[in-house]
Amino acid sequence: MKKTWLSKLPLPQRKKVLAIGIGSAALVLVCVASLLLVLFTGGSGTLPVGPSGSGSASGTPGGVPSGTASGSDSQPNSTPQGGGTIENGEASSVTAAFVEKERVDISTQKPAFAAGMPTAKIAMENGLSRLYIDGKATAPILFFGNSDFNNPKGVTTSQAGYAGQAGIHLHSIIVNLNYTTDIGNLSETAQQLLYNHLHRSVKSITDGDPDAKILLRVSVLMRPTADTKKGDVIRFKNDGTESNAVSMAADVFNEESSKRLAHMVDYISSHEELASHIIGYHLDNQEWFQYAYRENGQDFSTANNEKFAQWLAVKYKTDEALQKAWGSDSVKLSTVDMPLDLPANLFGENYADILFYGTETQKYVDYHQYVGDLTVARISNLSRIIKERTENRA
């Protein structure tokens with residue numbers, strides 16, 4: 001029998017070729033299926049539904065995917081064993097109510113905006129997000145200069161210059177929110193000192209590209225100080241040691257990050273040089289994963305435990321509703337604790353028990369939803385503050 005080119009290859013290379021071929025075939029099938037879905041649904045992603053509700057793409061009435069929120073028309077995401085499952089629309093309302101509860105309002109007077117302060121916005125066009133700066137469409141391609149390092153040997157400046165020469169005038173740099181300086185009634189000199197790193201970081205970009213527009217990445221990670229309450233610091237389960245970060249669940253984090261971010265935004269908006277270059281803000285907190293979660297698991301701080309109980313009160317409202325959901329007559333909103341046996345909490349643990357279903361595992365479902373809602377609440381609050389302080393210019 002004549003050998004084919006494939007049979008002539010060594011075994012390891014033949015395996016690679018077969019793997020690539022199978023993967024390519026699978027990709028083609030996915031693309032074809034997606035195309036057919038678009039053709040049959042007109043791009044809605046939902047198959048036509050008959051009078052009886054048959055033909056739903058998700059298997060739920062009306063074509064509403066199970067587990068997604070869809071407003072007042074959402075269908076119950078029912079579980080045979082679960083007393084704690086709620087309708088999808090209700091899940092969205094729990095998130096919205098918790099976000100509102102965690103809102104921090106800034107009452108200080110806004111400064112006058114500096115001349116030349118740009119207006120940036122994201123607009124949806126034909127289903128795609130478009131970036132506009134002062135009404136001009138701008139390609140969302142940027143140069144990132146890591147300003148955690150102090151522009152070593154002018155590298156950041158030279159690289160920003162190369163980007164500008166290539167027509168890329170959108171840049172990103174990092175600054176950290178200052179939690180130690182008293183920001184009340186600072187003199188002009190004191191403010192300049194407070195934001196010295198910000199000025200140097202912006203200059204490292206604009207010296208290379210005078211036309212730079214900067215998306216400022218602001219780290220809101222809060223480190224504990226001598227005045228920080230012990231219960232507000234993230235605590236790890238594995239050995240009970242405290243981390244070097246204040247829990248995102250702590251009220252002091254919520255209040256201080258809000259106040260200090262507003263102060264920074266006001267300073268930038270009123271400073272002619274900074275305002276002319278900074279067009280927006282990229283909020284960062286360890287990429288919004290809990291500090292060192294991958295290495296050490298969930299946050300067992302007092303602050304996180306108390307905030308979880310507050311979230312449960314928003315969701316269930318009564319002890320009876322919580323008891324029915326968790327399948328326990330002893331649990332109460334006033335004394336409930338976060339689950340201490342969260343499956344796969346630490347890296348390397350047994351990942352077999354990760355399907356949460358029914359009353360026995362509803363506490364795990366609730367904890368994960370709480371963590372998501374807490375993250376949404378913090379990002380939403382800070383984003384709203386930026387919008388309010390810049391009057392939607394950033």
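These figures come from a predicted structure and were not determined experimentally.

Novice: Looking at this structure, I do not really get the overall build of the protein chain. What am I missing?
Specialist: When its secondary structure is counted, the protein chain shows 11 helices and 9 strands. In the protein chain, once contacts between residues fewer than 6 apart in sequence are set aside, the share between residues at least 24 apart is 70%. Carbon and sulfur atoms provide 56% of the accessible area of the protein chain, an area that totals close to 22,300 Å².

Novice: Would you explain the sheet that holds strand E1 (residues 120-125) in this entry?
Specialist: The sheet built from 3 strands is open, its strands ordered E1-E2-E3 with antiparallel pairing. Two strands lie at the open edges of the sheet, namely E1 and strand E3 (136-138), each paired on one side alone. Averaged over all pairs of adjacent strands, the angle between their axes in this sheet comes to 45 degrees, without regard to strand direction.

Novice: What am I meant to see in the packing of helix H9 (residues 302-316) against helix H10 (residues 319-326) here?
Specialist: How two helices pack is summed up by the angle between their axes together with the distance between the axes. One way to put it is that H9 packs onto H10 with a least axis distance of 9 Å and a crossing angle of 100 degrees. On the basis of the axis angle, H9 is roughly perpendicular to H10. Contacts between H9 and H10 involve Phe 308, Leu 312 and Tyr 316 from the first element and Ala 321, Leu 322, Ala 325 and Trp 326 from the second. Looking at the contact of H9 with H10 residue by residue, the class counts come to 7 nonpolar, no polar and no charged.

Novice: Help me understand the environment of His 263, please; the structure alone is not making it clear to me.
Specialist: Structurally, His 263 can be placed in helix H6 (residues 251-270). Taking the C-alpha atoms as reference, His 263 lies 7.8 Å from Ile 183; in sequence the two are 80 residues apart. Excluding residues that lie within four positions of it along the chain, His 263 makes contacts with Ile 183, Leu 186, Gln 191, Leu 194 and Tyr 195.

Novice: What is the right way to read the pairing of strand E5 (residues 170-176) from this model?
Specialist: Moving residue by residue along a regular strand, the side chains alternate between the two faces of the sheet. Most of E5 is tucked away: 6 of the 7 residues are buried. Relative to E5, strand E4 (residues 142-144) runs parallel, the two being bridged by 3 bridges. Counterpart to Phe 144 in the pairing with E5 is Ser 172. Remark: the E4/helix H3 (residues 155-165)/E5 crossover connection has right-handed handedness. By the bridge criterion, 7 bridges tie E5 to strand E6 (residues 213-219) in an arrangement that is parallel. Each bridged residue has a counterpart across the sheet, and for Ile 174 the counterpart in E6 is Arg 217.

Novice: Help me out: how do you make sense of the pattern of salt bridges in this one?
Specialist: Two side chains bearing opposite charge may form a pair once their charged atoms approach each other closely. Counted according to the given criterion, the structure contains 18 salt bridges. In this structure, Glu 256 and Lys 259 form a salt bridge, with 3.1 Å as the shortest nitrogen-oxygen distance. Taken together, the residues span about one helical turn, with Glu 256 and Lys 259 both in helix H6 at a distance of 3 residues. Residue Glu 256 is classed as buried on the basis of its relative accessible area, which comes to 18%.

Novice: Help me understand the nonpolar core in this model?
Specialist: Generally speaking, soluble globular proteins have nonpolar side chains that are buried together. Among the nonpolar cores identified, the biggest contains 61 residues, and Leu 198, Leu 216, Val 218, Ile 278, Tyr 281, Leu 312 and Trp 326 are the most heavily contacted of them. Formed by 5 residues, the second largest nonpolar core is a distinct cluster that contains Ala 120, Leu 131, Leu 170 and Ile 279.

Novice: Would you mind going over helix H11 (residues 362-390) with me for this structure?
Specialist: Owing to its 3.6 residues per turn, the α-helix brings residues three or four apart onto one side. Its 29 residues place the ends of H11 42 Å apart at the C-alpha level, agreeing with the 42 Å of an ideal helix rising 1.5 Å per residue. Glu 391 lies just past H11 and shows a positive phi near 50 degrees.

Novice: Explain the packing of aromatic side chains to me, please; I cannot follow it from the model alone.
Specialist: In this description, an aromatic ring pair is defined by two values, namely the gap between the centres and the angle between the planes. Tallied over the entire structure, the rule returns 9 aromatic pairs. Note on Phe 308 and Tyr 367: the rings are 5.5 Å apart at their centroids and 70 degrees apart in plane angle, and the pair reads as edge-to-face. Here the residue Phe 308 occupies a position in helix H9, and Tyr 367 occupies one in helix H11, the gap between them amounting to 59 residues. With respect to class, Phe 308 is no different from Tyr 367; both count as buried.

Novice: Mind showing me how you'd approach the pairing of strand E9 (residues 278-284) here?
Specialist: Of all 7 residues that make up E9, 6 are buried, and the element is covered over most of its length. Where E6 lies against E9, 6 bridges are found, and the strand directions are parallel. The partner of Leu 216 across the bridge, within E9, is Tyr 281.

Novice: Please explain unusual backbone geometry as it appears in this structure.
Specialist: The general pattern is negative phi for most residues beyond glycine and trans for most peptide bonds. The phi dihedral of Asn 126 falls on the positive side, at around 55 degrees, and the residue is not glycine. Mapped onto the secondary structure, Asn 126 falls in the loop between E1 and strand E2 (128-133). Take Asn 126: its relative accessible area is 80%, and that puts it in the exposed class. Phi angles above zero are rare outside glycine, and Trp 288 is one such case at about 65 degrees. Looking at where Trp 288 falls in the secondary structure, it is placed in the loop between E9 and helix H8 (293-296). You can call Trp 288 buried: its relative accessible area is 14%.

The rules we used
- Residues numbered from 1 in each chain as written.
- Predicted model: local features only at pLDDT ≥ 70, side-chain atom pairs only at ≥ 80, totals over all residues.
- Heavy atoms only, no water.
- Helix = DSSP H or I, 4+ residues; strand = E, 2+ residues; numbered from the N terminus.
- Contact = heavy atoms within 4.5 Å.
- Areas by Shrake-Rupley, 256 points an atom, 1.4 Å probe, with all protein chains shown as cover.
- Pairing = 2+ DSSP bridges.
- Axes fitted to C-alpha atoms, helices over the stretch in contact; angles between N-to-C directions.
- Parallel < 35°, antiparallel > 145°, perpendicular 65-115°, else oblique.
- Nonpolar A, V, L, I, M, F, W, Y, C, P; charged D, E, K, R; others polar.
- Buried < 20%, exposed > 50% of the residue type's maximum accessible area, 1.4 Å probe, protein only.
- Right-handed = clockwise from strand over helix to strand, strands pointing away.
- Salt bridge = Lys/Arg side-chain N within 4 Å of Asp/Glu carboxyl O.
- Core = buried A, V, L, I, M, F, W, Y, C linked by side-chain atoms within 4.5 Å.
- Expected span 1.5 Å × (residues − 1).
- Phe/Tyr/Trp six-rings, centres within 6.5 Å; stacked < 30°, edge-to-face > 60°.

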